[in-house]
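# Coordinates in review
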Amino acid sequence: MRTLLMLAGLVAATSAGAAAPQVRDGMLVDEHGMTLYIFSGEGTPDAKSCEGDCERNFPPALAAPGDQPSGPLTVTAAQGGGLQWAFEGKPLYRGLMDRKPGDHSGDGLNEVWHSVRPR
């Protein structure tokens, strides 16, 4: 039980301490260097635009309660609850089809998912 509590505390500390999105190789990435995406379709992402389960394929890039906005990066309410990073007012998502930093397999998917390339 003690080990379980210590592990739970470590996981909580790790997720709460996640870094804000940053630019790497011209693309906006998360704390692990994984590409972040915006949805440019009408309304909210749906099964057709996500190739199935949106929550699974394009989960929100969640922000911790104490994360601070900076420049075009803001924090907004996530659709399923909690806080989500946004770029220029557009919510940011992770793409689970990407396997390693630098991948951007979701870029252009169904003409509504785009990696973020700040200028």
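Preceding block: the structure.
In this numbering scheme, every chain counts its residues from 1 along its sequence in written order. Selection of residues for local features in this predicted model requires a pLDDT of at least 70, selection of side-chain atom pairs for listing and counting requires 80 or more, and totals for whole chains, interfaces and linings are taken over all residues. The side-chain quantities take in all heavy atoms of the structure and omit both hydrogens and water.

### Remarks on the layout of surface pockets
Cavities and pockets were defined on a 1 Å grid built from protein atoms only: a cavity is a group of points that admits a 1.4 Å probe but offers it no way out, a pocket is an open group of points flanked by protein on both sides within 12 Å along at least five of seven lines, and a lining residue is one with an atom within 4 Å of any such point. Grid points are joined across faces, edges and corners, and a volume is the space filled by probe spheres set on the points. Counted as a void, the largest pocket has a volume near 270 Å³. What lines the largest pocket is a set of 18 residues, and nearest its centre among them are Thr-44, Pro-45, Gln-79, Gln-84 and Tyr-93. Going along the chain from the N terminus, every DSSP run of H or I of four or more residues is numbered as a helix, and every run of E of two or more is numbered as a strand. If you list the elements that add at least two residues to the lining of the largest pocket, you get α3 (54-57) and β7 (90-91). Taken together, the residues that form the lining of the largest pocket break down as 10 nonpolar, 6 polar and 2 charged. Roughly 220 Å³ of internal volume is contained in the second largest pocket. Gly falls in the polar group here, along with every residue not listed as nonpolar (Ala, Val, Leu, Ile, Met, Phe, Trp, Tyr, Cys, Pro) or charged (Asp, Glu, Lys, Arg). In the lining of the second largest pocket, the residues fall into 5 nonpolar, 1 polar and 4 charged.

### Observations regarding the side chain of Gln-84
Turning to its location among the elements, Gln-84 is positioned in strand β6 (residues 83-87). Each residue's exposure class comes from its accessible area (1.4 Å probe, protein chains only) as a fraction of the maximum for that residue type: buried when under 20%, exposed when over 50%, partly exposed otherwise. Among the residues examined, Gln-84 registers a relative accessible area of 4% and is labelled buried. Contacts: residue pairs with any heavy atoms within 4.5 Å of one another. What Gln-84 contacts, discounting residues up to four positions off in sequence, is Pro-60, Ala-61, Leu-62, Ala-63, Thr-74, Val-75, Thr-76, Ala-78, Gln-79, Pro-91, Leu-92 and Tyr-93.

### Some remarks on the sheet that holds strand β3 (residues 36-39)
Paired strands, in this sense, are two strands between which DSSP finds at least two bridges. The 3 strands lie next to each other as β8-β3-β9, forming an open sheet whose pairing is antiparallel. Strands with a single pairing partner mark the edges of an open sheet, and in this sheet they are β8 (93-94) and β9 (113-115). In terms of strand pairing, β3 meets β8 through 2 bridges, oriented antiparallel. Along β8, the bridge assignment pairs Tyr-37 with Tyr-93.

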